[in-house]
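Per-entry structural report
Below are the chains, spelled out letter by letter.
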Amino acid sequence: MTENVPFLDLSAQQAEIIDEVLPKWREQFRSAAFMGGPEIAGFEQEYAAYLGVNCVVGVSNGTDALELAYRAVGVGPGDEVIMPANTFIATAEAASRIGAVPVFVDVEDEHLLIDPDAVAAAITERTRAIVPVHLFGQTAPVELLAPIAERDGIPIIEDAAQSQGAASAAGRAGSLGRVAATSFYPGKNLGAAGDGGAVMTDDPEVARTVRDMAAHGSATKYVHHRVGFNARLDAVQATVLRAKLRRLDAWNSSRQEAAAWYGQILSGIEGVRLPSVRPGNSDVWHLYVIRVEERDRVLAELTADGIGAGIHYPTPVHLTEAYAHLGYQRGQFPVAEAAADRILSLPMFPHLLEEQQERVAAALSTAMSRALVPVA
């Protein structure tokens, strides 16, 4: 019987860290030191050093991290926040929770990252933030957005949920804007054993605001300076994140090797459009996303053949029911819409074996041999 290939397998990661993490967890359970303390402070300091930023504030999850980042730079009700249509809904959701208005723009075709020209055209008097999304483990073109943002005094807020360890010539993803937000959902390149997130910035005032808001608007217990909410990272997750952070570069290197091997073994399959690396980028391949025609049929055949695959994401955010009230129509963002019909995420994780990738390639080749339409 041919072995199935999972889309994501985190068991080897957990096996690497379990002996390091369990003693610390036992101590935390013994002392009941679950909130605050040296594990959280240690992780924040270590992740800040890793990214090359002054401040990291650990929070409850990536969506809360985005909302806190938006709020910390002054985004409020009625303000416009520009972001790509090709992203996970949390990028928009976090703005909506404030009462701000997501303004979607198209992406460029080669890497499916935010299109700087589209951003420039979308700016109005109500624009209060520009949000490049470092999608799939890439680094968005922040250096091209910076002059646009500076011209109008608009902060850049990075959505770095899929890019822990990614970099461009300008620096690591998460260190390139006024403030950045990330997610430590278990499947991320740097994932917790549950949920978690962080806000990153060089601005100590932004960091202080985030920390206060995440703790009910209070820097001192029962002294509340502003209306906040409960969005703190807990020590149990910080312990896991510290252990995984020490292995992140090695795991990302394994992802890069896997992506290179995919590039070799998939290159001869007719009708498959492979991903490419933006010049100057060091991608960390959170996802390995190809494009094919008849995507749904190909996905179904891979699934039937025991190959884990996914779609990230099947519907651009502007066409979701949740944002129908904004009045966007199909055809407004043709690149993102065309990609949504073709993108297919193949298995990708640090401990993916070459033999597993070859099994993926064989199944994909079989599925594509039945394709009726060549890729655009």
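This write-up is about the structure you can find in this document. Note that the structure is predicted; figures quoted are calculated from it, not measured.

Focus: the overall build of the chain
For the chain, the helix and strand inventory stands at 12 helices and 13 strands. A compact globule built from 376 residues would reach a C-alpha radius of gyration of about 21 Å, and the chain, at 21 Å, matches this within 12%. Out of the 376 residues belonging to the chain, those deemed buried represent 56%. Taking all contacts inside the chain whose residues are at least 6 apart in sequence as the whole, residues at least 24 apart take part in 71%. Accessible surface, the chain as shown: approximately 15,400 Å² in total, 54% of it carbon and sulfur. Taken as two groups, the 30 positive and 47 negative side-chain charges of the chain have centres that lie 6 Å from each other.

With respect to the sheet that holds strand β3 (residues 101–105)
Across the sheet, three strands lie side by side as β3-β2-β4; this open sheet has parallel pairing. Whereas interior strands pair on both sides, the edge strands pair on one side only; in this sheet they are β3 and β4 (127–130). Strand-to-strand, the axes of this sheet are offset by a mean angle of 30 degrees, without reference to chain direction. When strand β2 (residues 80–84) meets β4, the two strands line up parallel, connected through three bridges. For E80, the partnering residue across the bridge sits in β4 and is T127.

What to know about the sheet that holds strand β8 (residues 179–183)
Here four strands make up an open sheet; going across it, the order is β1-β9-β8-β5 and the pairing mixed. Only two strands of the sheet have a single neighbouring strand rather than two, namely β1 (55–59) and β5 (157–159). On average, adjacent strands in this sheet sit at an angle of 20 degrees to one another, irrespective of strand direction. Bridge analysis of β8 against strand β9 (residues 197–201) gives five bridges, and the strand direction is antiparallel.

Considerations on the packing of aromatic side chains
Following the criterion strictly, the structure yields 10 aromatic pairs and no others. With a centroid separation of 5.7 Å and 35 degrees between ring planes, the pair formed by F88 and Y313 is classed as tilted. One end of the pair, F88, is in the loop between β2 and α4 (90–96); the other, Y313, is in the loop between α10 (295–304) and α11 (334–340), and 225 residues separate them in sequence. Between F104 and Y323, the aromatic rings sit 5.8 Å apart at their centres with planes inclined by 75 degrees, giving edge-to-face as the arrangement.

A closer look at the environment of P186
Structurally, P186 is set in the loop between β8 and β9. With a relative accessible area of 22%, P186 lands in the partly exposed category. Measuring from C-alpha to C-alpha, the distance between P186 and G196 comes to 8.7 Å, with 10 residues separating the pair along the chain. Not counting residues within four places of it along the chain, the set of residues in contact with P186 comprises L10, G191, A192 and G194.

Considerations on unusual backbone geometry
A cis amide bond links H312 with the next residue in sequence, Y313, at an omega value of 20 degrees. Phi is positive for E294, close to 50 degrees, though the residue is something other than glycine. Within the secondary structure, E294 sits in the loop between β12 (288–291) and α10. The class for E294 is partly exposed, based on a relative accessible area of 23%.

Focus on helix α6 (residues 142–152)
Listing the buried residues of α6 in full gives V142, L145, I148 and A149. Seen along its axis, α6 keeps its buried residues to an arc of 120 degrees; they face one direction. Facing away from the buried side of α6, by more than 90 degrees, are the exposed residues E150 and R151. Buried residues in α6 make contact with α5 (116–122) and β4. Where α6 ends, the next residue or the one after it, G153, has phi of about 65 degrees, a positive value.

Overview of a negative patch on the surface
On the surface, E257, E354, E355 and E358 cluster together to form a negatively charged patch. Ranked by the residues each element gives to the negative patch, the list is headed by helix α12 (residues 354–368), at three residues. Here E355 shows up in helix α12.

Notes on the pairing of β12
Residues of β12 alternate between two faces, with Y288 and I290 on one and V289 and R291 on the opposite face, all of them buried. Sheet topology note: the β12/strand β13 (residues 343–346) ladder contains four bridges and is antiparallel. Each bridged residue has a counterpart across the sheet, and for I290 the counterpart in β13 is L344.

Looking at the nonpolar core
Formed by 65 residues in total, the largest nonpolar core has its most connected members in Y70, V81 and F104. At six residues, helix α3 (residues 62–72) tops the list of elements feeding residues into this core. Among all residues touching V81, those that are not within four sequence positions of it are Y70, V75, A95, A100, V101, P102, V103, A129 and V131. Judged by nonpolar contacts, the second largest core, of 26 residues, contains V5, L344, M348 and F349.

Rules behind the numbers
Residues numbered from 1 in each chain as written. Predicted model: local features only at pLDDT ≥ 70, side-chain atom pairs only at ≥ 80, totals over all residues. Heavy atoms only, no water. Helix = DSSP H or I, 4+ residues; strand = E, 2+ residues; numbered from the N terminus. Rg over C-alpha atoms; globule rule 2.2 N^0.38 Å. Buried < 20%, exposed > 50% of the residue type's maximum accessible area, 1.4 Å probe, protein only. Contact = heavy atoms within 4.5 Å. Areas by Shrake-Rupley, 256 points an atom, 1.4 Å probe, with all protein chains shown as cover. Lys, Arg positive; Asp, Glu negative; His and termini not counted. Charge placed at Lys NZ, Arg CZ, Asp CG, Glu CD. Pairing = 2+ DSSP bridges. Axes fitted to C-alpha atoms, helices over the stretch in contact; angles between N-to-C directions. Phe/Tyr/Trp six-rings, centres within 6.5 Å; stacked < 30°, edge-to-face > 60°. Arc of directions from axis to C-beta. Patch = residues over 30% accessible without salt bridge, like charges linked within 9 Å, V, L, I, M, F, W, Y side chains within 5 Å. Salt bridge = Lys/Arg side-chain N within 4 Å of Asp/Glu carboxyl O. Core = buried A, V, L, I, M, F, W, Y, C linked by side-chain atoms within 4.5 Å.

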